[in-house]
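Chain by chain, the residues:
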Amino acid sequence: MARSFNELSSPVQAAIFIIVAVGLAFATFWYFVYPLNQKRLGLEKQVATLKAENDRNEAFRQQQTEYLNRIAQLEKQLETLRSIVPDEAATDEFMRTVFGAGNAAGINVRTFIPKPQTTSEYYVEMPFTMRLDGTYYSLVNFFDRLAHEQRIMSVSGLALGSPAGGGMGAYTVYPNETVGANCVLTTYYNRPLPTARAAAQPPQKTK
């Protein structure tokens, strides 16, 4: 029976060296390499999760940008629509537009009388009876200017005649005036929402 390592045969010594080397390698792997490998795998999973979350956030940011741009476009369209058909009557502004167009076209606005308003499902009609006089081409210019205004207007009941004998009050008909006109000029504004009117009324007490 061998008493020391040196007394063992060469094959046995080689086998022992191999076993010890394998054991050391396994111990090194188990205590050092394996935990690091597990940590690496965990970090890779975290990176993949964060990347997926980042991709979702990036897609959301892109959608958010698209939504914000769309909202901005819709707000601009809404402002344009409100200028065409405003939410309020804005009578003073409308009158300034009409009389400004008359002055620019060389038309005399002799009568501008509001008529009863008509409410439809979505908008309110605001008509005015008008008496105008001037030249034929100045009348055409006047109506053309109104047609190019941003706010919607319509002319109905147009009747042409002598420049004298119409309108209210005393005024002078100049020699260069050749025609007078009676018409109804109508503009529009959005009908107030029923909920807005209901909210403005105080609740009635129940008995």
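In short, a report on the structure. (Residues numbered from 1 in each chain as written. Predicted model: local features only at pLDDT ≥ 70, side-chain atom pairs only at ≥ 80, totals over all residues. Heavy atoms only, no water.)

**Quick word on a nonpolar patch on the surface**
A cluster of nonpolar side chains, Tyr136, Tyr137, Val140, Val155, Leu158 and Leu160, forms an exposed patch at the surface whose accessible area comes to about 630 Å². Contributions of two or more residues to the nonpolar patch are made by α3 (136–147) and β4 (153–161). With respect to the helices, strands and loops of the structure, Leu158 is situated in strand β4. (Patch = residues over 30% accessible without salt bridge, like charges linked within 9 Å, V, L, I, M, F, W, Y side chains within 5 Å. Areas by Shrake-Rupley, 256 points an atom, 1.4 Å probe, with all protein chains shown as cover. Salt bridge = Lys/Arg side-chain N within 4 Å of Asp/Glu carboxyl O. Helix = DSSP H or I, 4+ residues; strand = E, 2+ residues; numbered from the N terminus.)

**What about the nonpolar core?**
Nonpolar side chains in soluble globular proteins tend to end up buried together. Counting 23 residues, the largest nonpolar core has Phe112, Met130, Leu132, Phe142 and Leu185 as the members making the most contacts within it. Of all the secondary structure elements, the ones that give two or more residues to this core are α2 (91–105), β1 (108–114), β3 (123–134), α3 and β5 (179–190). Aside from chain neighbours lying at most four places away, what touches Phe112 is Phe94, Met95, Val98, Phe99, Phe128, Thr129, Met130 and Leu185. (Core = buried A, V, L, I, M, F, W, Y, C linked by side-chain atoms within 4.5 Å. Buried < 20%, exposed > 50% of the residue type's maximum accessible area, 1.4 Å probe, protein only. Contact = heavy atoms within 4.5 Å.)

**Observations regarding α3**
Taking 1.5 Å per residue, twelve residues should reach 16 Å; α3 reaches 17 Å between its end C-alpha atoms and fits that length. Every buried residue belonging to α3 is among Ser138, Leu139, Phe142, Phe143 and Leu146, and all of these are buried. Buried residues in α3, looked at end-on, bunch into an arc of 135°, giving them a common side. Along α3, exposed side chains directed more than 90 degrees from the buried face belong to Tyr137 and Ala147. On its buried face, α3 is in contact with α2, β3, β4 and β5. (Expected span 1.5 Å × (residues − 1). Arc of directions from axis to C-beta.)

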